[in-house]
Amino acid sequence: MEPTWLVAGGVALAVGLVLAFAITRRSESSASKRAHEAAKEREPPVEIGETYEFGISEFSDHHSGDRVAVGKVEGFVLFTEDVPSSVSAGDVIRAKVLSFNRGHTSADARFVERA
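In this report, we go over the structure that sits alongside the text. None of these values were measured; they are calculated from a predicted model.

### Examining the sheet that holds strand 1 (residues 51-61)
- Spatial strand order, 1-2-3-5-4: 5 strands in a closed barrel with mixed pairing. When strand polarity is set aside, the average angle formed by the axes of neighbouring strands in this sheet is 50°.
- By the bridge criterion, 5 bridges tie strand 1 to strand 4 (residues 92-100) in an arrangement that is antiparallel. Among the inter-strand pairings, Thr-51 is bridged to a residue of strand 4, identified as Lys-96.

Here it is as structure tokens:
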């Protein structure tokens, strides 16, 4: 096989991979946006002052610099503060809902205990 065909095939493969990545990325972004829009339309499945049990999916840094646990109750995101450093992603905790964000698409909560 001629080197020219090998180079052309390699370039075509690279372009195909870049296009596939771009399409997949755009699709994920669209799905996330649709989920966010749907969340704005429904009532939150949690109530302020109530305690809920859920698994921690990850930790994030709050704008204040504090470590915040992120988890979901019926697909609704809770950002939980005051989580002990011994708790890690995958652990199940109980947290009390303190407030909703502006669009009622997520809420802030305070750690109560491990479940």
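So much for the structure itself; the text now carries on.
### So, the side chain of Ser-106
- Considering the arrangement of structural elements, one finds Ser-106 in strand 5 (residues 106-114).
- When residues no more than four places from it in sequence are discounted, the contact partners of Ser-106 are Phe-76, Val-77, Phe-79, Phe-100 and Asn-101.

### What about the nonpolar core?
- Ranked by internal contacts, the top residues of the largest apolar core, which has 16 residues, are Val-46 and Leu-78.
- Secondary structure elements with two or more residues in this core: strand 1, strand 2 (67-73), strand 3 (76-81), strand 4 and strand 5.

What counts and what doesn't
- Residues numbered from 1 in each chain as written.
- Predicted model: local features only at pLDDT ≥ 70, side-chain atom pairs only at ≥ 80, totals over all residues.
- Heavy atoms only, no water.
- Pairing = 2+ DSSP bridges.
- Helix = DSSP H or I, 4+ residues; strand = E, 2+ residues; numbered from the N terminus.
- Axes fitted to C-alpha atoms, helices over the stretch in contact; angles between N-to-C directions.
- Contact = heavy atoms within 4.5 Å.
- Core = buried A, V, L, I, M, F, W, Y, C linked by side-chain atoms within 4.5 Å.
- Buried < 20%, exposed > 50% of the residue type's maximum accessible area, 1.4 Å probe, protein only.

Just geometry here; none of it tells us what the structure is for.
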